[in-house]
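Structural features, examined
Now for the letters of each chain:
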Amino acid sequence: MSNSTENSQFYDFHSHSHYSDGELSPQALLDYARERQIGCLALTDHDTVAGIDEAIAASDGIRVIPGVEISTSWRKHEIHVVGLNVDRHHESLLNFLKQQRTRRVNRAKEIALALEREGIRDAYEGVLKIACEDNIVRPHFAQFLVEKGYANTMQQAFDRYLKRGKVAYVPTKWPSLEKVIENIHEAGGLSVIAHPMRYKLTSTKLRLLLADFTSANGDGIEVITASHRPNDTHHVARLANEYGLLASQGSDFHGPSSFAKMGHLQPMPAECEPIWTRFDS
Ligand code: AMP
Ligand code: MN
Ligand code: MN
Ligand code: MN
């Protein structure tokens, strides 16, 4: 892709379909992207590339970047690393993601047990009906809790039951940054720290994360994401340059009804090196 940032507000390198916790099918996601004049969209479902073929089939003029958002454990924090431009057929990546989903299934059974202790029954069976195949993401529990009347909104379900510190939060041992980056690289992709300000790390801890990420050969960071305020963007842009990381941008779109809107993001600060200049194949 060209170096030009002219059309870059129409690029979005972080989005979800119903193959993880997005509302839309890949086809509906691409239709929605077309309505919003998106020129380039990365589908980055949590721990699966199952929706990519459908997204490409529905692309019709939009460039689809095959991607995935992988959960990793770093010093007791859950950090999300986005893999961009991965080979979706790569065997070792597919095996690795399958293991991630097995961890998700095991965690889901534990979450269901914790909910059962609160008198909320059959949550595991409930989320299996909502989730796509074996990919159980916490918002599926939130939806189940809303449907059964235990919360009024998905956010309330997180605040009451699912988020860290609440009764049905189950700490999970995800693979290390090194392992995740290595798997993305083996599949020909670039690794990107997702929504860096969402982990609520102190500034020292965030620097430590970037130091560890770069020593593990990580490639980039989301300088632009829908939840950033302008100050966050400038702060992360400076850090990206300091640590020699490429700059990515993505809304983290989960559906028309959620907070993050697709595309139409803030402009990338001029001092950053945009990751899309590396997508030429
Ligand atoms: P999981 O990877 O299964 O732990 O689920 C992570 C997803 O849950 C994120 O990508 C968000 O979509 C959603 N999520 C995480 N924390 C919250 C929260 N506190 N409130 C609302 N949604 C959340
Ligand atoms: Mn999500
Ligand atoms: Mn995420
Ligand atoms: Mn995401």
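Residues numbered from 1 in each chain as written. Chains lettered and ligands numbered in written order. Predicted model: local features only at pLDDT ≥ 70, side-chain atom pairs only at ≥ 80, totals over all residues. Heavy atoms only, no water.

All of the protein donors around the manganese ion (ligand 3) are E69 (OE), H80 (ND1) and H195 (NE2); their distances to the metal are 2.1 to 2.2 Å. Spacing between the donor residues of the manganese ion (ligand 3) along their common chain follows E-x10-H-x114-H. Between the manganese ion (ligand 3) and the manganese ion (ligand 2), the interatomic distance is 5.4 Å. With E69 in strand 3 (residues 63-74) and H195 in the loop between strand 5 (190-193) and helix 8 (203-215), this residue pair connects regions lying 126 residues apart in the sequence. Note on E69: relative accessible area 1%, which makes it buried. (Donors = N, O, S within 2.8 Å, 3.2 Å for Na, K, Ca; no water. Helix = DSSP H or I, 4+ residues; strand = E, 2+ residues; numbered from the N terminus. Buried < 20%, exposed > 50% of the residue type's maximum accessible area, 1.4 Å probe, protein only.)

This brings us to the site of ligand 1. The full set of residues close to ligand 1 is D21, H46, R104, R107, V137, R138, P139, Q155, F158 and H254. Contact distances for ligand 1 include 2.5 Å between an oxygen atom and a side-chain N or O atom of R107. H254 has a polar side-chain atom sitting 3.2 Å from an oxygen atom of ligand 1. If ligand 1 stood free it would expose 500 Å²; the protein chains cover 78% of that surface. Contributing elements (two or more residues each) for the shell around ligand 1: helix 3 (91-117), helix 5 (138-147) and helix 6 (154-162). Residue composition of the shell around ligand 1, grouped by class: three nonpolar, three polar and four charged. (Near = heavy atom within 4 Å. Polar contact = N/O pair within 3.5 Å; in protein donor to acceptor, adjacent residues only side chain to side chain. Areas by Shrake-Rupley, 256 points an atom, 1.4 Å probe, with all protein chains shown as cover. Nonpolar A, V, L, I, M, F, W, Y, C, P; charged D, E, K, R; others polar.)

Our focus in this paragraph is the state of the cysteines. This structure, assessed with the given rule, holds zero disulfides. In this model C272 remains outside any disulfide bridge; the closest cysteine sulfur is found in C40, 18 Å from its own. Residue C272 is classed as buried on the basis of its relative accessible area, which comes to 8%. (Disulfide = S-S within 2.5 Å.)

When you line up the elements, T44 lands in the loop between strand 2 (40-43) and helix 2 (52-57). Given a relative accessible area of 0%, T44 falls into the buried group. Taking the C-alpha atoms as reference points, T44 and N85, separated by 41 residues in sequence, lie 10 Å from one another. Discounting residues that sit within four places of it in the chain, T44 has contacts with F13, H14, S15, H16, G67, V68, E69, V82 and L84. (Contact = heavy atoms within 4.5 Å.)

Attention now moves to the side chain of R101. Among the secondary structure elements, R101 is positioned in helix 3. At 3.1 Å, the side chain of R101 forms a polar contact with the backbone oxygen of D47. Residues within four places of R101 in sequence aside, it is in contact with D47, T48, D134 and N135.

Relative to each other, helix 3 and helix 5 sit at 30°, their axes nearing to 11 Å. When the axes of helix 3 and helix 5 are compared, the pair comes out roughly parallel. Our pair here, helix 3 against helix 5, has a crossing hand that is right-handed. Along its contact with helix 3, which presents R107, A108, I111, A112 and L115, the element helix 5 presents R138, F141 and L145. (Axes fitted to C-alpha atoms, helices over the stretch in contact; angles between N-to-C directions. Parallel < 35°, antiparallel > 145°, perpendicular 65-115°, else oblique. Left-handed = near helix turned anticlockwise from the far one by under 90°.)

Turning our attention to the packing of aromatic side chains. Within the structure shown, the criterion is met by five aromatic pairs. The interplanar angle of 75° and the centroid separation of 5.4 Å between the aromatic rings of Y11 and W276 together place this pair among those described as edge-to-face. Of this pair, Y11 sits in strand 1 (residues 11-12) while W276 is found in the segment after strand 7 (246-250), placing the two residues 265 residues apart along the sequence. Of the two residues, Y11 and W276, both sit in the buried class. An aromatic cluster is defined as three or more aromatic residues linked by ring pairs; in this entry it consists of Y11, F13, W276 and F279. (Phe/Tyr/Trp six-rings, centres within 6.5 Å; stacked < 30°, edge-to-face > 60°.)

What follows deals with helix 5. Listed in full, the buried residues belonging to helix 5 are P139, H140, F141, A142, F144 and L145. Buried residues in helix 5 make contact with helix 3, helix 4 (123-130) and helix 6. At the exit of helix 5 stands G149, carrying a positive phi of roughly 85°.

With six of its six residues buried, strand 6 (residues 220-225) lies for the most part within the structure. Looking at chain direction, strand 5 and strand 6 are connected through two bridges and run parallel. Opposite I193, over in strand 6, you have I221 as the bridge partner. Since strand 5 and strand 6 lie parallel, the crossover through helix 8 that links them has a hand, and here it is right-handed. Pairing analysis gives five bridges linking strand 6 to strand 7, with the strands arranged parallel. Looking at strand 7, one finds that E222 is bridged to S248. Handedness of the β-α-β unit built from strand 6, helix 9 (residues 230-242) and strand 7 comes out right-handed. (Pairing = 2+ DSSP bridges. Right-handed = clockwise from strand over helix to strand, strands pointing away.)

Nothing here speaks to function; it is all geometry.
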